[in-house]
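The residues making up each chain are set out below.
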Amino acid sequence: MEAVKKSTDSLYTCQDMCRCVTDALLKKEERTIQSCELQTRRTRSLNAPSPIQQFGPCGRIMKNSAMVMTIQDPASQRLTWYKPPLTVLVIKKIRDDSVLSPFVQLVKWLITEKRMVVFVEHSVLDDPLLSNQPGFNMTRDKLMPFREGKDDLTDKIDFIVCLGGDGTLLYASSLFQQSVPPVMAFHLGSLGFLTPFEFVNFEEQMINVLEGNAALTLRSRLRCIILRKDEATGKPTKAPTSLLVLNEVVIDRGPSPYLSNIDLYLDGKHITSVQGDGLIVSTPTGSTAYAVAAGASMIHPSVPAIMVTPICPHSLSFRPIVVPAGVELKISVSPESRNTAWVSFDGRSRQELKHGDSLRVTTSIYPVPSICAQDQITDWFDSLAECLHWNVRKKQRHLDELSDLTRSHSSSNDTLDSLDRPDTLDS
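Remember, it's a predicted structure, so these values are computed and weren't measured experimentally.

Draft legend 1. Inspection of the side chain of Ser 364 at higher detail. Along the chain, Ser 364 turns up in the loop between β20 (358–363) and β21 (368–371). With residues near it in sequence (within four places) discarded, Ser 364 still touches Arg 221, Leu 222, Arg 223 and Leu 244.

In structure tokens:
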């Protein structure tokens with residue numbers, strides 16, 4: 001009996017061991033499948049994939065509570081109003097008679113149909129041609145004029161409408177040096193890369209936006225601070241100048257015939273010295289402006305980055321670079337430079353950068369919320385195709401067409417093979 005009991009116990013033990021081994025193999029296989037799923041799984045997102053925090057059995061990224069931040073997927077960013085917008089700023093392209101009629105239609109509709117308070121530039125009301133527009137004189141007294149540089153629009157505007165080209169959006173950005181209201185831009189200019197809306201059915205499109213049915217593209221801006229210091233003493237000579245730009249800040253040699261010699265620092269470290277006509281520091285939105293003309297790549301506006309592009313560098317190897325959006329760039333005139341430099345912000349506020357002065361550039365926390373006509377991806381690629389004719393070329397011929405050409409050529413006698421034949425040579 002004891003022998004039978006021992007054999008039974010050993011049988012149970014073997015079965016338990018087999019079961020444990022089987023369970024372990026199943027768990028291992030399940031972990032392998034899960035790992036493969038993690039490696040191949042893709043989500044509909046404009047963000048880069050979040051990296052695994054563990055490296056091997058022991059290594060991992062040290063957690064720093066001060067650096068924890070939440071990033072929303074740009075593809076899910078949509079406009080919502082927590083209260084109905086009551087005030088709207090309408091910016092019209094200047095010195096363009098074709099915009100007058102759409103401008104009058106829009107402001108009349110906003111005042112009569114939507115009961116909104118409409119702000120316009122004071123210089124717009126001074127246009128004598130507006131008085132000839134039907135019905136404008138009745139609307140004129142209901143408009144709220146403002147003057148740039150004198151009237152502060154902060155916390156007064158709920159919504160911005162631009163009528164014109166890309167310059168109207170850049171101008172709207174310059175009016176708000178902190179938080180910017182949502183911007184709806186209608187294409188009534190010459191290029192219209194940043195203006196996705198057509199004015200034909202503006203009422204329907206405006207209603208959709210005012211009801212919150214629209215996608216948003218958060219266009220990052222650059223905060224630019226000029227520090228003025230005396231070269232000899234190193235003491236500040238003026239209060240710092242701070243500006244926000246949507247496209248780019250340009251540092252160039254100005255009227256001097258000499259090469260500019262500019263020192264570039266990244267987070268306090270000297271990166272390089274730029275010898276050439278100058279330097280462009282642009283946002284992703286500005287990468288399709290002056291930067292692309294200087295040889296830079298085009299960056300989608302939802303990518304968090306800063307583009308650094310040299311202007312005609314005196315070096316064959318100086319290529320444009322893209323740096324993370326969180327870094328701080330410092331730009332100053334090199335002590336060995338023969339001349340000073342000049343800086344402009346979105347093509348405005350041009351001023352001289354002397355020896356001892358420095359320009360600090362970093363990404364601002366105040367983006368421009370640009371309303372999309374369709375979505376972030378479609379609008380951008382439509383603009384690339386329509387405005388810049390990106391990748392436009394003739395289609396390659398089909399193989400059938402090529403074979404027809406080959407047959408027609410092979411029927412002729414003027415070929416190398418026919419010349420090599422003896423009978424052809426004898427004749």
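Now that the structure has been shown, we can carry on.
Draft legend 2. Structural view of the sheet that holds strand β10 (residues 241–245). Strand order in the open sheet formed by 6 strands is β10-β9-β20-β17-β12-β13, and the pairing between neighbours is antiparallel. Looking at the sheet topology across the chains shown, the edges are occupied by β10 and β13 (269–276). Mean inter-strand twist for the sheet, computed between neighbouring axes without regard to direction, equals 20°.

Draft legend 3. Inspection of the sheet that holds strand β19 (residues 348–353) at higher detail. One open sheet holds the 6 strands; their spatial order is β16-β15-β14-β11-β18-β19, and the pairing between them is antiparallel. Unpaired on one side and paired on the other, β16 (321–324) and β19 mark the two borders of the sheet. Taking the axes of each pair of neighbouring strands and ignoring which way they run, one obtains an average angle of 20° across the sheet. Sheet topology places strand β14 (residues 278–282) next to strand β15 (residues 305–311); 5 bridges connect them, and they run antiparallel. From the neighbouring strand, Leu 279 faces β15, where its bridge partner is Pro 310.

Draft legend 4. Summary view of the confidence of the model for the protein. Taken over all residues, the pLDDT of the protein has a mean of 83, while the share at 70 or more is 76%. Taken as a whole, residues 4–8 scores under 50 in pLDDT and shows 0 contacts with residues more than four places along the chain or in a different chain. In this model residues 35–44 is a low-confidence stretch, pLDDT under 50, and it forms 1 contact with partners more than four residues away in sequence or in other chains.

Draft legend 5. Just the nonpolar core, in detail. Formed by 35 residues in total, the largest nonpolar core has its most connected members in Val 90, Phe 103, Phe 159 and Met 206. Only β3 (87–92), α2 (100–112), β4 (117–121), α3 (122–125), β6 (159–164), β7 (183–187) and α6 (202–210) provide two or more residues apiece to this core. Per-element accounting of this core gives the leading share, 8 residues, to α2. Not counting chain neighbours up to four residues away, the residues in contact with Met 206 comprise Leu 106, Trp 109, Leu 110, Phe 159, Val 161, Met 184 and Phe 186. Ala 341, Val 343, Leu 359 and Val 361 belong to the second largest nonpolar core, which has 25 residues in total.

Draft legend 6. Geometry of unusual backbone geometry. Despite not being glycine, Arg 115 has its phi angle at roughly 55°, a positive value. In this fold, Arg 115 is placed in the loop between α2 and β4. Owing to a relative accessible area of 67%, Arg 115 belongs among the exposed residues under this scheme.

Draft legend 7. The pattern of salt bridges, seen in detail. For the structure on display, the rule yields 6 salt bridges. For Asp 277, the salt bridge is made with Arg 253, and the minimal N-O distance between the two is 2.8 Å. Placement of the pair is Asp 277 in the loop between β13 and β14 and Arg 253 in the loop between β11 (248–252) and β12 (260–266), with a sequence separation of 24 residues. Given a relative accessible area of 24%, Arg 253 falls into the partly exposed group.

Draft legend 8. Local environment of α6. Within α6, the full set of buried residues consists of Phe 202, Gln 205, Met 206, Val 209 and Leu 210. One side of α6 holds all its buried residues, which, seen down the axis, span an arc of 130°. Buried-residue contacts for α6 involve α2, β6, β7 and β21. Two residues or fewer past α6, Gly 212 is found with a positive phi of approximately 90°.

Draft legend 9. Spotlight on a nonpolar patch on the surface. A cluster of nonpolar side chains, namely Ile 377, Phe 381, Leu 388 and Trp 390, defines an oily patch on the protein surface of about 350 Å² accessible area. For Trp 390, the location among the structural elements is in the loop between α8 (376–387) and α9 (399–410).

Draft legend 10. Structural context of the environment of Thr 285. Tracing the backbone through its elements, the reader meets Thr 285 in the loop between β14 and α7 (290–293). Residue Thr 285 is classed as buried on the basis of its relative accessible area of 4%. Remark: the alpha-carbon pair of Thr 285 and Arg 219, spanning 66 residues in sequence, is separated by 6.5 Å. Setting aside chain neighbours within four positions, we find Thr 285 in contact with Leu 194, Arg 219, Leu 246, Asn 247 and Pro 301.

Draft legend 11. Main features of the environment of Ser 174. You can see Ser 174 is positioned in helix α5 (residues 166–175). Distance from Ser 174 to Leu 244, taken between C-alpha atoms, is 6.9 Å for residues 70 residues apart in sequence.

Conventions we followed
Numbers given to residues run from 1 along each chain, matching the order in which its sequence is written. Given that the model is predicted, a residue must reach a pLDDT of at least 70 before its local features are reported, and side-chain atom pairs must reach 80 or more before they are shown or counted; all residues, however, enter totals for whole chains, interfaces and linings. To get the side-chain values, all heavy atoms of the structure are used, and hydrogens and water are removed first. Numbering of helices and strands runs from the N terminus; a helix is a DSSP stretch of H or I covering at least four residues, while a strand is a stretch of E covering at least two. Pairs of residues are marked as contacts when any of their non-hydrogen atoms sit within 4.5 Å. Only strands that DSSP links by at least two bridges are regarded as paired with each other. For helices, the fitted axis covers only the stretch in contact; all axes are lines through C-alpha atoms, and the angles between them, taken along N-to-C directions, range from 0 to 180 degrees. On a range of 0 to 100, pLDDT expresses the predictor's confidence in each residue. The definition of a nonpolar core used throughout is a set of buried Ala, Val, Leu, Ile, Met, Phe, Trp, Tyr and Cys residues joined through side-chain atoms within 4.5 Å. With a 1.4 Å probe rolled over the protein chains alone, any residue whose accessible area is under 20% of its type maximum counts as buried; one over 50% counts as exposed, and the rest are partly exposed. Throughout this description, the term salt bridge denotes a Lys or Arg side-chain nitrogen within 4 Å of a carboxyl oxygen of Asp or Glu. The arc in question is the one traced by the directions running from the helix axis out to the C-beta atoms. For patches, a residue must show more than 30% relative accessible area and have no salt bridge; joins then use 9 Å for like charges and 5 Å for nonpolar side chains, namely Val, Leu, Ile, Met, Phe, Trp and Tyr. Exposure was quantified through the Shrake-Rupley algorithm and a 1.4 Å probe, taking into account, for residues, occlusion by the shown protein chains and nothing else.

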